[in-house]
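Residue-level structure breakdown
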Amino acid sequence: MTIEKIGIDKIGFYTPEFYLDLAELAEARAVDPNKFKIGIGQDEQAVLPLDQDVITMAANAAVQILSAEDLAEIDEVIFATESGIDQSKAGALYVQRLLGINPRARAFEVKEACYGITAALQTAYDHLAAHSDSQKVLVIGSDVARYGVATAGEVTQGAGAVALLVTRHPRVLVLEQPSAYFSEDVMDFWRPNYSDTAFAKGKYSTEQYLRFLDIVWHDYQTKTAAQLSDFAALLFHIPYTKLGLKGLRQLTANSVTADQTALLEQFTKATLYNRRVGNIYTGSLYLSLLSLLQNSSLPANSRVGLFSYGSGAVGEFFSGILQPDYQVASQLVDVQAMLAQRQRLAVTEYEAFFNQKLPTDGSKFSVPFISQHAQFRLRGINEHQRIYE
Ligand code: CAA
C-alpha cells in the first residue's frame, strides 16, 4: 500500500570522458568480438582518468540536476559506493561541500555492493515518510568497476555515477510499497580492504543473481498479488546487459509471446546506455532506468518493476509508477552528448590509465588536468588528503 507519493523527481548521471571499444579489447585478448558484443552484451566501457574518482563523479552527476532551491532544501545526503576513497569518512560530506548543500542535513555513506543505492533510495523514502517537514533527499551511487587487465571480469568493468533527487510528489517515478527483499551471506563477489580490484566467482555470481531474482519476485507476488502483465517495463541491475536479459527471460518464461516481445523491446531501450558505459556497480540499475526514460515513450502511469542485486548478497524487487511529466523531467542530462564527446582509448592507453596510482605515502602529488568537460576534478593529494576543485 502506498501511503504518500514519494519517489524520484530528478536523475543526474556522469561518466568519464574516455572509453574502450570492446571489439578492440576482444582483438587484443584474442577473443571473438561476438563473445563480448552478443555473449556478454556490451559494446564499450568507460575508463576512469586519474583526475576523476567516486567523489568527483558523484558531484559531476548531481550538479547537473540541482537548483539553488534543491541545495537549500535537501536535508539528507546518502552516498552509496563499493569503491569508496576512505574507510571512515563518508563520501557524502565531500559532495555536500563541493555542491554547497544545506549543512543542516544528515550526510552518510552506505555499502552493500551494487545494492547500496537501493538501500539508500528506500532509506530516503522512509526519511520523507517519517518527517513531514523534510522535503528532499539526495541519493548518489558512484563507482568504478575494476577486475584487472586481462582477467575474465575485464569486459565487465566501467565507471560512473547516478544522482537521484527524492521528493514528495516527484515528477519522474512514484515508488510503490511494499517491496520484497532477501539477504544471505554468499561469497560470489567481494573486494578485501587491501585490494583495488574485485574478486569474483564469475559463473557462481550469475547463478546467485538469478536465484535472488526468483526469490524476491515470488515474494513480491505473494505480497502484492502482482502479475507480469501489470508491468510496462522490467529493469534489472546490469553488470553486463546479457545478465539482465537472462533475468528478463527467467521472469517471462511462462508469459504469452506478445508480453515477452513488449518487455524485451523496453529492455533493449533500457540498456542502450549500459551497453556503452559498462558496469557502474551500484548505479547500474538507475542508469538503466534513465536509459528507459530517455529512449522509450511509455504512457504516463505505466508501472515499472525494478530488480536490484548486490553481491554478498542482497536482492530487492520493487516498483514505481511513471508520472505525467516524466519525459520532460528526465531529460535534465544529455547522455547522448556526454557519450558522443568521449575520447576512445587504444587498449594500451586504457592499460596505462588502469595502472596509474595515487601515492599512498603522504607525499604531495599534483594530478594533471585531464577531464575537459567535468565541473569537478581531483587536483592533487597532500598529507593523505584528496584535494578537489
Ligand atoms: N559469440 C557469441 N556468444 C559467445 C561467444 C561467441 N563467439 N563466445 C562465448 N559466448 C557466450 C557464452 O556462450 C556465454 O553465454 P551464456 O552466458 O549465455 O552461457 C557468454 O558468452 C559468456 O561466456 P563465458 O561464460 O565463457 O564467459 P566468461 O567465463 O568469460 O565470464 C563473466 C563471463 C562471468 C560475466 C565474467 O566476465 C565475470 O566474472 N565478470 C565479473 C562478475 C560479474 O559481473 N558477475 C555478475 C553477477 S554479480 C553482480 O551482478 C554484481 C556486480 O555488479 C559485480
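Everything in this summary refers to the structure shown in the same document. For every chain, the first residue of the written sequence is number 1, and numbering continues from 1 along that sequence. Confidence filtering applies because this is a predicted model: local features only for residues at pLDDT of at least 70, side-chain atom pairs given and counted only at 80 or more, and all residues used for totals across whole chains, interfaces and linings. Excluding hydrogens and water, the side-chain values take into account all heavy atoms of the structure.

**Some remarks on the environment of Arg29**
When you line up the elements, Arg29 lands in the loop between helix H1 (22-28) and helix H2 (33-40). Per-residue accessibility, obtained with a 1.4 Å probe over protein chains only, is compared with the maximum for each type, and a residue is labelled buried under 20%, exposed over 50%, and partly exposed between these values. By relative accessible area, Arg29 is classed as partly exposed at 22%. For the pair Arg29 and Ala180, spaced 151 residues apart in sequence, the C-alpha separation works out to 41 Å. Residues count as neighbours in contact if any of their non-hydrogen atoms are within 4.5 Å of one another. When sequence neighbours within four positions are dropped, the list of residues in contact with Arg29 reads Val149, Ala150, Glu154, Val347, Tyr350 and Glu351. Per the convention used, a helix needs a DSSP run of H or I reaching at least four residues, while a strand needs a run of E reaching at least two, with both numbered from the N terminus.

**Notes on helix H5 (residues 91-99)**
Since one α-helical turn is 3.6 residues long, residues separated by three or four positions face the same way. Counted residue by residue, H5 has seven buried out of nine residues, so it is predominantly covered. Within H5, burial applies to Gly91, Ala92, Tyr94, Val95, Gln96, Leu98 and Leu99. The elements touched by buried residues of H5 are helix H3 (54-62), helix H4 (68-73), strand S4 (74-80), strand S5 (106-110), strand S6 (136-145) and strand S17 (385-388). Following H5 by one or two positions, Gly100 has its phi on the positive side, about 75°.

**Observations concerning the layout of surface pockets**
Empty pockets left among the atoms are what a rolling probe the size of a water molecule brings to light. Only protein atoms enter the 1 Å grid, on which a cavity is a set of points fitting a 1.4 Å probe that cannot get out and a pocket is an open set with protein on both sides within 12 Å along at least 5 of 7 lines, lining residues being those with an atom within 4 Å of a point. Grid points are joined across faces, edges and corners, and a volume is the space filled by probe spheres set on the points. Empty space within the second largest pocket amounts to approximately 640 Å³. Together, 33 residues line the second largest pocket, and Ala152, Gly153, Thr156, Gly202 and Tyr240 are the ones closest to its centre. Of all the secondary-structure elements, those providing two or more residues to the lining of the second largest pocket are H2, helix H7 (202-224) and helix H8 (241-252). For the lining of the second largest pocket, the element with the highest residue contribution is H7, accounting for five residues. When residue character is reported, Ala, Val, Leu, Ile, Met, Phe, Trp, Tyr, Cys and Pro are called nonpolar, Asp, Glu, Lys and Arg charged, and the others, Gly included, polar. Class assignment for the residues of the lining of the second largest pocket results in 17 nonpolar, ten polar and six charged.

**Quick notes on unusual backbone geometry**
Geometrically, the link from Gln177 to Pro178 is a cis peptide bond, its omega value of 5° lying close to zero. Positive phi, normally seen in glycine, also occurs at Asn301, with a value near 75°. Of note, Asn301 is situated in the loop between helix H11 (284-295) and strand S12 (303-310).

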